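Summary of structural features
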Amino acid sequence: MLYEKISLKQFSDERGRLTVAELGDGLPFLVKRIYFLTESQDLPRGYHAHHELRQLVLCLHGSCDMVFDNGRRKETVHLDNPCEGVILGSMIWREMHNFTRDCVLLVLADQCYDEKDYIRNYDEFLRLTKGDPA
Ligand code: T46
């Protein structure tokens with residue numbers, strides 16, 4: 001798999017549902033940054049990879065598709081469940097498609113924002129992943 005699916009611990013009772021991710025249980029790294037996507041339009045996002053960054057992606061509301069690509073094959077995951085997260089590692093090209101208007105995507109990242117960590121050119125990504133046997 002080009003990504004890891006994570007099922008988060010849930011506590012449901014008559015008040016509703018509480019969902020948790022903590023270090024070592026749903027969250028495999030210390031979080032240095034969070035960001036979230038709201039007011040989503042049906043326009044694709046992403047189109048880049050990261051040299052180092054690891055992230056946990058959670059779709060808190062609505063849905064979207066994420067496409068992962070390691071330079072040799074692609075996998076798509078449909079995100080529509082706030083209790084099911086995706087761990088996204090480094091050197092994976094990602095695209096996000098088919099956002100519903102009510103989509104809220106929460107991302108927890110293990111590094112602060114650094115534009116130098118981005119690979120935004122697909123040919124450059126293919127060149128960098130060429131010798132990688134994964
Ligand atoms: C990723 C996918 C899932 C910042 O200044 N700080 C930040 O922490 C982030 C994430 C972005 N920005 C700025 C950089 C751009 O000027 O916000 C603008 C939009 O970012 P970008 O076009 O990279 O957004 P997406 O949705 O294409 O990608 C984002 C993350 O950047 C990326 O790491 O993996 O979500």
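Scope of this entry: the structure provided in the associated data block. (Residues numbered from 1 in each chain as written. Predicted model: local features only at pLDDT ≥ 70, side-chain atom pairs only at ≥ 80, totals over all residues. Heavy atoms only, no water.)

1. Focus on the overall build of the protein chain
Formally: Secondary structure counts use DSSP, requiring at least four H or I residues in a row for a helix and at least two E residues in a row for a strand, with both numbered from the N terminus. In this description the radius of gyration comes from C-alpha coordinates, and the expected globular size is given by 2.2 Å times residues to the power 0.38. Computed with a 1.4 Å probe, the accessible areas rest on the Shrake-Rupley method; for each residue, only the protein chains presented here act as cover. This count recognises Lys and Arg as positive and Asp and Glu as negative, with His and chain-terminal groups excluded. Each charge is placed at NZ for Lys, CZ for Arg, CG for Asp and CD for Glu.
Assigned secondary structure in the protein chain consists of one helix and 14 strands. Taking 2.2 N^0.38 as the reference for a compact globule, 134 residues should give roughly 14 Å; the C-alpha atoms of the protein chain span a radius of gyration of 15 Å, in line with that estimate. Overall size of the protein chain, expressed as C-alpha extent along the three principal axes, is 55 × 35 × 25 Å. On the protein chain, roughly 7,900 Å² of surface is accessible, and the fraction owed to carbon and sulfur atoms is 51%. Charged side chains of the protein chain number 17 positive and 22 negative; the gap between the two group centres comes to 3 Å.

2. Brief notes about the environment of C103
What counts is decided by this rule: Residue contacts are counted whenever heavy atoms from the two residues lie within 4.5 Å of one another.
With respect to the element layout, C103 can be found in the loop between strand 12 (93-97) and strand 13 (104-109). Spatially, the C-alpha atom of C103 lies 4.0 Å from that of G62, the residues being 41 residues apart in sequence. Residues within four places of C103 in sequence aside, it is in contact with L37, T38, S40, C59, H61, G62, S63 and C64.

3. Details of the nonpolar core
Basically, it comes down to this: Buried Ala, Val, Leu, Ile, Met, Phe, Trp, Tyr and Cys residues form a nonpolar core when they are joined through side-chain atoms within 4.5 Å. The classification of residues rests on relative accessible area computed with a 1.4 Å probe and restricted to protein chains. Under 20% of the type maximum is buried, over 50% is exposed, and intermediate values are partly exposed.
The biggest cluster of nonpolar side chains holds 18 residues, and the ones touching the most others in it are V57, M66, F68, V77, L79, F99 and L105. Broken down by secondary-structure element, the contributors of at least two residues to this core are strand 8 (55-61), strand 9 (64-69), strand 10 (74-79), strand 11 (84-88) and strand 13. Residue contributions to this core peak at three residues, all from strand 9.

4. Section: the side chain of T129
If you trace the backbone, T129 turns up in helix 1 (residues 122-129). We classify T129 as buried; its relative accessible area is 3%. With residues near it in sequence (within four places) discarded, T129 still touches N70, G71, R72 and M91.

5. Overview of the pattern of salt bridges
Put simply, the rule reads: Counted as salt bridges are all cases of a side-chain nitrogen of Lys or Arg within 4 Å of a carboxyl oxygen of Asp or Glu.
This model, assessed by the stated rule, comprises seven salt bridges. When the shortest N-O distance is used, the salt bridge between R54 and D110 registers 3.7 Å. Linking R54 in the loop between strand 7 (45-50) and strand 8 with D110 in the loop between strand 13 and strand 14 (118-119), this pair joins segments that are 56 residues apart in sequence. E115 is the partner of R120 in a salt bridge, and the nearest nitrogen-oxygen pair spans 2.7 Å.

6. Brief notes about the pairing of strand 12
Using the following cut-off: Following DSSP output, two strands are said to pair if at least two bridges run between them.
Counting buried residues in strand 12 gives four out of five residues, a clear majority hidden from the surface. Sheet analysis places strand 7 next to strand 12, joined by three bridges and oriented antiparallel. Pairing of R45 across the sheet is with M96, part of strand 12. The pairing of strand 9 with strand 12 spans five bridges and is antiparallel. Pairing of M66 across the sheet is with M96, part of strand 12.

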